[in-house]
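Survey of secondary and tertiary structure
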Amino acid sequence: MARINDHYLKLQAGYLFPEISRRINEFTSANPEAAVIRLGIGDVTEPLPPVILKAFHDGVDEQANSASFHGYGPEQGYQWLSEIIIDKAYKPLGVDLKASEVFISDGSKCDCANILDIFALDNVVAIGDPVYPVYNDTNVMVGRTGEADDKGYYQGIVYMPFTAENNFMPALPTEKVDIIYLCFPNNPTGTVASKTELKKWVDYALANDAIIFFDAAYEAFITEADIPHSIYEVEGAEKCAIEFRSFSKTAGFTGIRCALTVVPEALMGTTEAGEKYSFNQLWNRRQCTKFNGVSYPVQKAAAAVYSDEGWEQTKTIIDFYMENARIIREGLTAAGITCYGGVNAPYIWLQTPEGMSSWEFFDKLLNECHVVGTPGSGFGPSGEGYFRLSAFGNRKNVETAVERIKEKWGK
Ligand code: MLT
């Protein structure tokens, strides 16, 4: 009989979001009349803006005749899309990239997971706590860790607590680590890093030959000036950082799938023999072998996001979600609930009322207010006692959810 990958058995429960769906389904089967408001998983609700939808349709129509038909595209994505992204999303930040450093893909979740292919197993990894569970679980799956302890920390991973006490900015690791995951604006806490703070991480990585995996999936939601949108705004980051970006939340592509990963040519690792080797070349090799690119109509739609009209329409939706975030944050704060995030990110991280555990609050909120959020402890032990609400709902639902929470727990 074929052997399974035993590392999967070290994973604790099911993946967080399917577990939440399971509890919602259980509740709605028992209470079919309940109007449940879902502010759990960060999934967009607004339709695609017209300019982007048109580009998407045009891309499909081009497949209808042989002159404009597209078969396999480049595994790295069409160069015209990479160039548009560089021009519109990076140049204005003062970041200069080459098209060969931008890899278009079908999602940041997959890229964050797949990137581990090109790193040796004995690299020591540092991960936030709480954190987007994919970073943790994929390291367990590839066999980089031992078992989890009682709290849920895996042996072999260095955990960096993101807590209210440290202002959601952990201290630099005291032990030597090789890979550091950073996500800003942060999922789940919705907090951000200033350029000075990011510089500390870049300086640490450069001094310790470490690589930063920088997840910038939520950069489009930054509203305050001076908050960096890319790690490459920090000098030297091209020598120590890989950046993940996504069209999912930025442009409503959660169901359409398009993202990008930047692997600079200056980024080097070492072979077992101690020679320098380019991560850009390795990632290119990996993608050429294991990936066949994103569909042509999707890339056409992604390119339209950065047209003048496309960006205007996209920005209107981003502003709409950030107004939702404001309504949640200010509404709950006025009700005496301590909230973080929600200013530069579409997530509000709140302290559970009455000292409830995260899952206790989840169940109470679902059963008594018919509102779904995400329990903080699902993102890691330091998330216990916290809860995440997403701002991606429609306005009426967001307002109703806030009202219901205020009625129940408002002071
Ligand atoms: C979240 O809710 O944390 C995200 O939507 C999950 C994801 O992007 O995969």
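A quick note: this is a predicted structure, and the numbers were derived from the prediction, not measured. (Residues numbered from 1 in each chain as written. Predicted model: local features only at pLDDT ≥ 70, side-chain atom pairs only at ≥ 80, totals over all residues. Heavy atoms only, no water.)

Turning our eyes to something else, we now look at the sheet that holds strand β7 (residues 241-246). Strand order in the open sheet formed by seven strands is β2-β8-β7-β6-β5-β3-β4, and the pairing between neighbours is mixed. Only two strands of the sheet have a single neighbouring strand rather than two, namely β2 (102-105) and β4 (157-161). Averaged over neighbouring strand pairs, the angle between their axes works out to 20 degrees when direction is ignored. In terms of strand pairing, strand β3 (residues 125-129) meets strand β5 (residues 179-183) through two bridges, oriented parallel. By the bridge assignment for β5, Val-125 is matched with Ile-179. Along the sheet, helix α5 (residues 133-141) contacts β3, β4, β5 and β6 (211-215); its crossing angle with β3, the most-contacted strand, is approximately 145 degrees. (Pairing = 2+ DSSP bridges. Helix = DSSP H or I, 4+ residues; strand = E, 2+ residues; numbered from the N terminus. Axes fitted to C-alpha atoms, helices over the stretch in contact; angles between N-to-C directions. Contact = heavy atoms within 4.5 Å.)

Here we take up the site of the ligand. Around the ligand lies a shell formed by Phe-17, Ile-41, Gly-42, Tyr-132, Asn-187, Tyr-218, Lys-249, Tyr-347 and Arg-388. In the environment of the ligand, an oxygen atom lies 2.5 Å from a nitrogen or oxygen atom belonging to the side chain of Tyr-132. For the ligand, an oxygen atom lies 2.9 Å from a polar atom in the side chain of Lys-249. Isolated, the ligand exposes 270 Å² of accessible area, and the fraction of that covered by the protein chains is 86%. (Near = heavy atom within 4 Å. Polar contact = N/O pair within 3.5 Å; in protein donor to acceptor, adjacent residues only side chain to side chain. Areas by Shrake-Rupley, 256 points an atom, 1.4 Å probe, with all protein chains shown as cover.)

Read across the sheet, four strands follow the order β11-β12-β15-β14 without closing on themselves; strand pairing throughout is antiparallel. This sheet does not close on itself; its edge strands, each paired only once, are β11 (339-341) and β14 (374-375). Strand direction decides the pairing type here: β14 and strand β15 (residues 386-390), joined by two bridges, are antiparallel. Its bridge partner lying in β15, Pro-375 is registered against Phe-387.

A few words on unusual backbone geometry. Look at the link from Asp-129 to Pro-130: it is a cis peptide, with omega at 5 degrees. Structurally, Pro-130 is set in the loop between β3 and α5. The omega torsion of the bond from Phe-184 to Pro-185 falls at -10 degrees, within 30 degrees of zero and hence cis. Within the element layout of this structure, Pro-185 appears in the loop between β5 and α6 (195-207). Look at Arg-257: it is not a glycine, yet its phi comes out positive at around 75 degrees. With respect to the secondary-structure elements, Arg-257 resides in the loop between α7 (248-251) and β8 (259-262).

This part is about the nonpolar core. Within the largest apolar cluster, 103 residues are counted, with the highest numbers of intra-cluster contacts made by Ile-180, Ile-212, Phe-247 and Phe-253. Residues lining this core come from more than one domain, with at least three contributed by each of domain 1 (7-47 + 310-409) and domain 2 (52-308). When sequence neighbours within four positions are dropped, the list of residues in contact with Phe-253 reads Leu-48, Ile-52, Phe-247, Ser-248, Cys-258, Val-298, Ala-301, Ala-302 and Val-305. One finds Ile-127, Ile-242, Leu-267 and Trp-283 within the second-largest nonpolar core, a separate group that totals 29 residues. (Core = buried A, V, L, I, M, F, W, Y, C linked by side-chain atoms within 4.5 Å. Buried < 20%, exposed > 50% of the residue type's maximum accessible area, 1.4 Å probe, protein only. Domains from an automatic or database assignment.)

Before going further, it helps to examine the side chain of Asn-123. With respect to the helices and strands, the residue Asn-123 is situated in the loop between α4 (108-114) and β3. You can call Asn-123 buried: its relative accessible area is 19%. Dropping the residues within four chain positions of it, Asn-123 is found in contact with Arg-144, Asp-178 and Ile-179.

Interaxial distance between helix α2 (residues 50-62) and helix α9 (residues 296-305) falls to 8 Å at its minimum, and their mutual angle equals 150 degrees. Classed by the angle they form, the pair α2 and α9 counts as roughly antiparallel. α2 and α9 meet at a crossing whose hand is right-handed. Contacts between α2 and α9 involve Val-51, Ile-52, Ala-55, Phe-56, Gly-59, Val-60 and Glu-62 from the first element and Tyr-296, Pro-297, Val-298, Lys-300, Ala-301, Ala-304 and Val-305 from the second. Looking at the contact of α2 with α9 residue by residue, the class counts come to eleven nonpolar, one polar and two charged. (Parallel < 35°, antiparallel > 145°, perpendicular 65-115°, else oblique. Left-handed = near helix turned anticlockwise from the far one by under 90°. Nonpolar A, V, L, I, M, F, W, Y, C, P; charged D, E, K, R; others polar.)

Attention now goes to the packing of aromatic side chains. Enumeration over the complete set of coordinates arrives at 27 aromatic pairs. With a centroid separation of 5.7 Å and 35 degrees between ring planes, the pair formed by Phe-247 and Phe-253 is classed as tilted. The class of Phe-247 is buried, set by a relative accessible area of 2%. Under the relative-accessibility criterion, Phe-253 is labelled buried at 0%. Between Tyr-321 and Phe-392, the ring centres sit 4.9 Å apart and the planes meet at 80 degrees, which makes this aromatic pair edge-to-face. Here Phe-392 lies in the loop between β15 and α12 (395-409) and Tyr-321 lies in helix α10 (residues 308-334), a separation of 71 residues in the sequence. (Phe/Tyr/Trp six-rings, centres within 6.5 Å; stacked < 30°, edge-to-face > 60°.)

Under the domain assignment, the protein is made up of domain 1 (7-47 + 310-409) and domain 2 (52-308). Here the C-alpha centre of domain 2 lies 25 Å away from the C-alpha centre of domain 1. Counting from both sides, the interface comprises 36 residues of domain 1 and, opposite them, 52 residues of domain 2. Summed over both partners, the interface of domain 1 with domain 2 buries about 3,400 Å², with 61% contributed by carbon and sulfur atoms. Considering only the side of domain 1, the residues that lose the most area to domain 2 are Lys-10, Tyr-15 and Asn-344, jointly responsible for 20% of the buried surface there. At the boundary of domain 1 with domain 2, the tally comes to zero salt bridges. Summed over the shared surface of domain 1 and domain 2, the number is 17 residue pairs in polar contact (both at pLDDT 80 or more). Mapped onto the side of domain 1 that touches domain 2, the elements with two or more residues apiece are α10, β11, β12 (347-351) and β15. In terms of residues, the side of domain 1 that touches domain 2 owes the most to one element, α10, which gives seven residues. (Buried area = accessible area lost by both parts, 1.4 Å probe. Salt bridge = Lys/Arg side-chain N within 4 Å of Asp/Glu carboxyl O.)

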